[in-house]
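Single-letter residue listing:
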Amino acid sequence: MLLFLLLPTVAGYGLSITDEQYYKLPPLFSLDDYQPCLASSGGQYCLGSFHLTAEGDNQVYDVLLELTNDLKNFNHTLLHRGYCLTSRCLDIEGSLPQRFTACVDRTLSQEYGLRATLHRLDYCKTGDKPRTRQIDNVDWIFAAVAIAVLVLNGIGTLYDTFRNQDEKPNRFLIIWSFYSNWNRLTANYEDGDDRLSALNPIQGVKALTLLLVMMAHTTFSYYTGYTYNPVFLETHGRNPLSYFFYNGSVIVQTFVIVSSFLLSYNLLLHVDKNPKKILGLSMLPRSLMHRLSRIVPLYLFVLGLASTWWSHANDGALWTPLVEAEVARCRHKFWTQALFINNLYEPNTLCLIQTWFLAVDMQLYVVAAVLTLLLGRWPRLALKLFGAMFLASVAGIFAISYKWSLFSILYSMTPEVIRMQLTNQDSFNYLYTAPWGSLPASLMGLFLAFLHYDLEKRGFKANEHRWLVMAYRLSVPSMFLWVFAGSLFQQFTSPEAKAIFTALDRPVFVVLVSTALFGFCNKIDELWWKFLSWRGFMILGRMSLSVLLFHWSYNLSIMGGRLIAAQASVLEIGGDWMAVIFLTYVTAVPATLLVEYPLQRTLQAVFG
Ligand SMILES: *[C@@H]1O[C@H](CO)[C@@H](O)[C@H](O)[C@H]1NC(C)=O
């Protein structure tokens, strides 16, 4: 953090204009106080964005253009305003949007000699109209479902409390017992299968990765709202350390690797333990049901919540564009989300931006399951094939990237694009969140599973191979270096160079993560194994799905619920990050215990 704060002073980078010039410009964002404005029944408040133009020579406009043409800045010819029309421009007549536009135009023209035309109207509200959408039938349907789930939990828990503990419990009722689910969440499989407990560090990796995801999304949320000092984001966005933010999303590939690794490894172990079974495609439906029953119940619950009561939860100047609009999109896309095709269908309509991962993960799960079931009987052959397919997928991404000019997210991450939450970005829609973009990671997960399984059978000891130990020790620092290297690759502007980086970006990271995971799970060093297998991480790691699903809603709620523009600073963003971690885990505990586990166990009991 210190480094981040000190670097600008030491390295002396910043905007091309002086602070004095900057503050003479019209502010990029400006919000009138929201609550007092709408408190009276005659209160009128409008929010929208305006396109600026200048008539004739205008020095202010020239500076705005200069800033705007540097893509590391926001677009300063696009201003964002929230005006309380009860106390501004009372002499202007017309409808609310007309008055709003005329008022912004007049203010800018008087102060700077600039003209403003409405670019996008977010809303105009009055104090006597209800703030949010009325509670409707869909809201009540969700409420009924939530209450039913609670009641079932109550019944199961009461049953468990008063049952005869010596007798075998009823298998459907016990599923809904709080105690039973609590034990599951906090279980310690130390005396279980050695081969499985060797994988404990994976939970630590998942938990730590999610903390970083929350940090990135908190920073991200500051771009989507109105900031009082956008210059902070513009200055620090030039800090080389910011590349951990621009290029760091590659870390999500870890989850793709882990997911296909666990799928494949568990299938291999399953056959190992039941020698009569042979891997074959006939096991696919079961394998898919298993996955669906783990993800779907909680996912639908969170989607339901995000499509209904979330919009009534709070209010603020940005509640309508950030939260209510998202709720409407979630309603619209509910079925595509439930079918895990939300990344392919209407990709510009985003409902919970992070759920692209669940869609990609499910799509690749099918691929990974089919490959494992087909090739599981010939592990050696499978290893060669997976290696070849990995390289082929990298070449494929290069081809796609070059042919359609779809590049790594690194090249898209400008303040203006982040402000728009990456909507209308082809690279985001057709590469970043598309299944083929994560295919190398999935194949690497398979490769790792077969390798680990095969080596274990042969009694391979990773510690005895110096080069492996070396590779492992270098892997984690190299991950950071690789993400940071984005700052070098961003200098390349030719399509060939960009396509090469795009093709290598995720795969190189994937190879590094896999090396690290291999080392962790083979206990190359005891200390890291112990740290990542810490009991606390086991519990946090098991709540990963909940955390993934809930955290972004808190990010948006914090931003949307603000009554005045947000101040951006390292401590404010860091503080919000801490708040989001805390709120997310506090939500994740009941969500996991009362919704995810019992529903998952019910589905598994029904479909066997
Ligand atoms: C800034 O926004 C305006 C729309 O108001 C657009 O016409 C212009 O191309 C944008 N500038 C840049 C550099 O993106």
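Because the structure is a prediction, the values reported are computed rather than measured. (Residues numbered from 1 in each chain as written. Predicted model: local features only at pLDDT ≥ 70, side-chain atom pairs only at ≥ 80, totals over all residues. Heavy atoms only, no water.)

Explain the packing of helix α7 (residues 178-186) against helix α25 (residues 570-607) here, please?
Between two packed helices, what matters for the description is the angle formed by their axes and the separation of those axes. Relative orientation of the contacting elements α7 and α25 amounts to 95°, with a least axis distance of 10 Å. The orientation of α7 relative to α25 falls into the category roughly perpendicular. For the pair α7 and α25, contact is made by Phe-178, Ser-180, Asn-181, Trp-182, Arg-184 and Leu-185 and by Thr-592, Leu-593, Leu-594, Tyr-597, Pro-598, Gln-600 and Arg-601, respectively. Of the residues that constitute the contact of α7 with α25, the class distribution is seven nonpolar, four polar and two charged. (Axes fitted to C-alpha atoms, helices over the stretch in contact; angles between N-to-C directions. Helix = DSSP H or I, 4+ residues; strand = E, 2+ residues; numbered from the N terminus. Parallel < 35°, antiparallel > 145°, perpendicular 65-115°, else oblique. Contact = heavy atoms within 4.5 Å. Nonpolar A, V, L, I, M, F, W, Y, C, P; charged D, E, K, R; others polar.)

I would appreciate a short explanation of the site of the ligand in the present structure.
Taken together, His-51, Thr-68, Asn-75, Thr-77 and Leu-78 form the complete shell of residues around the ligand. Between the ligand and His-51, the relevant distance is 2.5 Å, taken from an oxygen atom to a side-chain nitrogen or oxygen of the residue. A distance of 2.2 Å separates an oxygen atom of the ligand from a polar atom in the side chain of Asn-75. Taking 360 Å² as the accessible area of the ligand by itself, protein coverage stands at 54%. (Near = heavy atom within 4 Å. Polar contact = N/O pair within 3.5 Å; in protein donor to acceptor, adjacent residues only side chain to side chain. Areas by Shrake-Rupley, 256 points an atom, 1.4 Å probe, with all protein chains shown as cover.)

Is there a simple way to explain the state of the cysteines in this structure?
Such a bond, covalent and formed between the sulfur atoms of two cysteines, is termed a disulfide. According to the stated counting rule, one finds four disulfides in the structure shown. The disulfide that involves Cys-46 links it to Cys-124, with 2.1 Å between the sulfurs. Handedness of the Cys-46-Cys-124 disulfide follows from its S-S torsion of about 115°: it is right-handed. You can see Cys-46 sitting in strand β2 (residues 44-54) and its partner Cys-124 sitting in strand β4 (residues 114-126), a full 78 residues away along the chain. Cys-124 sits in the partly exposed class, given a relative accessible area of 26%. Cys-330 shares a disulfide with Cys-351; S-S distance 2.1 Å. On the sign convention where negative means left-handed, the S-S torsion of about 95° between Cys-330 and Cys-351 marks this disulfide as right-handed. Taken together, the residues Cys-330 in helix α14 (residues 319-338) and Cys-351 in the loop between α14 and α15 (356-375) connect sequence positions 21 residues apart. Comparing Cys-330 with Cys-351, the two get one shared label, buried. Each disulfide of the protein chain joins two cysteines, and with those cysteines numbered along the sequence the arrangement is 1-3, 2-6, 4-5, 7-8. (Disulfide = S-S within 2.5 Å. Buried < 20%, exposed > 50% of the residue type's maximum accessible area, 1.4 Å probe, protein only.)

Honestly, the UniProt feature "domain: Acyltransferase" (unreviewed entry) in the protein chain in this entry has me stumped. Any pointers?
Per the UniProt record, "domain: Acyltransferase" (unreviewed entry) is annotated on residues 202-589. What you have in residues 202-589 is 73% helix and 0% strand, and the ends, taken at the C-alpha atoms, are 20 Å apart. (UniProt positions renumbered as here; feature names shortened; annotations may be inferred.)

Would you explain the pattern of salt bridges in this entry?
Where charged atoms from two side chains of opposite charge approach closely, those side chains can pair. Counted according to the given criterion, the structure contains 22 salt bridges. Close ionic contact of Asp-105 with Arg-115 constitutes a salt bridge, the shortest N to O distance being 2.5 Å. A residue pair is termed long-range when its members are at least 10 positions apart, and Asp-105 in helix α5 (residues 96-112) and Arg-115 in strand β4 qualify at 10 residues. With a shortest N-O distance of 2.8 Å, Asp-136 and Arg-331 are connected by a salt bridge. (Salt bridge = Lys/Arg side-chain N within 4 Å of Asp/Glu carboxyl O.)

What's the story with α15 in this structure? I'm lost.
In an α-helix, one full turn covers 3.6 residues, which means residues spaced three or four apart are oriented alike. Relative to the 28 Å expected for 20 residues at 1.5 Å per residue, α15 spans 28 Å between its end C-alpha atoms, a close match to the ideal helical length. Of all the 20 residues making up α15, 16 are buried; the element is thus mostly covered by neighbouring parts of the structure. (Expected span 1.5 Å × (residues − 1).)

Can you walk me through the side chain of Asn-429 in this structure?
Mapping Asn-429 onto the fold places it in helix α18 (residues 426-432). The residues contacting Asn-429, other than those within four sequence positions of it, are Asn-343, Pro-347, Asn-348, Asn-424 and Ala-434.

Quick question: what am I supposed to make of the sheet that holds β2 here?
By definition, the strands of a sheet pair up through backbone hydrogen bonds, in either a parallel or an antiparallel sense. Spatially, β1-β3-β2-β4 is the arrangement adopted by the four strands of the open sheet, whose pairing is mixed. Each having just a single partner strand, β1 (29-31) and β4 make up the two edges of the open sheet. Across the sheet, the mean angle from the axis of one strand to that of its neighbour is 15°, orientation sign disregarded. Bridging between β2 and strand β3 (residues 78-84) involves seven bridges; their strand directions are antiparallel. Note on β3: the bridge partner recorded for Phe-50 is Leu-79. Sheet strands touched by α5: β2, β3 and β4. Its angle to β4, the strand with the most contacts, is close to 140°. Sheet strands in contact with α14 are β2 and β4, and its direction is about 55° off that of β4. (Pairing = 2+ DSSP bridges.)

When you look at the packing of helix α6 (residues 137-162) against α7 in this model, what are you seeing that I'm missing?
Where α6 contacts α7, the axes come no closer than 7 Å and their chain directions differ by 95°. Taken together, the axes of α6 and α7 are roughly perpendicular relative to one another. Here α6 contributes Thr-157, Asp-160 and Thr-161 to the contact with α7, which in turn contributes Phe-178, Tyr-179 and Ser-180. Of the residues that constitute the contact of α6 with α7, the class distribution is two nonpolar, three polar and one charged.

Would you mind showing me how to read α6 here?
Between its terminal C-alpha atoms α6 stretches 37 Å, which fits the 38 Å expected from 26 residues at 1.5 Å a residue. Of the residues making up α6, those classed as buried are Asp-139, Phe-142, Ala-143, Val-149, Asn-153, Gly-156, Thr-157 and Asp-160. Buried residues in α6 make contact with α7, α13 (284-307), α14 and α25. For α6, the capping residue at the N-terminal end is Asp-136, with a side-chain oxygen 3.3 Å from the backbone nitrogen of Val-138.

Where do I start with the packing of aromatic side chains in this structure?
To describe a pair of aromatic rings, you give the distance between the ring centres and the angle between the ring planes. Under the counting rule described, the total for this entry stands at 36 aromatic pairs. Ring geometry for Tyr-34 versus Tyr-45: centroids 5.1 Å apart, planes at 80°, classification edge-to-face. Separated by 11 residues along the polypeptide, Tyr-34 in helix α3 (residues 34-39) and Tyr-45 in strand β2 bring together distant segments of the chain. We classify Tyr-34 as buried; its relative accessible area is 2%. Ring geometry for Tyr-411 versus Phe-501: centroids 6.1 Å apart, planes at 85°, classification edge-to-face. Of this pair, Tyr-411 sits in the loop between α16 (379-404) and α17 (415-419) while Phe-501 sits in helix α21 (residues 495-521); the two residues are 90 residues apart in sequence, bridging distant segments of the chain. Taken individually, Tyr-411 and Phe-501 each receive the classification buried, so the pair is uniform in this respect. Ring pairs connect the aromatic residues Phe-29, Phe-74, Tyr-223, Tyr-226, Tyr-243, Phe-245 and Tyr-246, which therefore count as one cluster. The ring of Tyr-83 carries Arg-88 above its face, with NZ or CZ at 3.8 Å from the centroid. (Phe/Tyr/Trp six-rings, centres within 6.5 Å; stacked < 30°, edge-to-face > 60°. Lys NZ or Arg CZ within 6 Å of the ring centre and 35° of its normal.)

I would appreciate a short explanation of the nonpolar core in the present structure.
Within soluble globular proteins, side chains that are nonpolar tend to cluster in buried spots. Among the nonpolar cores identified, the biggest contains 178 residues, and Tyr-45, Leu-352, Leu-358 and Leu-517 are the most heavily contacted of them. Ignoring any residue separated from it by four or fewer positions in sequence, one finds Leu-352 in contact with Val-302, Leu-303, Ala-306, Trp-310, Glu-326, Cys-330, Trp-552 and Ser-553. (Core = buried A, V, L, I, M, F, W, Y, C linked by side-chain atoms within 4.5 Å.)

It is not clear to me how the pairing of β2 should be interpreted in this structure. Could you clarify?
Where a strand is regular, its side chains alternate between the two sheet faces. Along β2, eight of the 11 residues are buried, which leaves the element largely enclosed by surrounding structure. Where β2 and β4 come together, 11 bridges link them in antiparallel fashion. Directly across from Gln-44, in β4, lies its bridge partner Thr-126.

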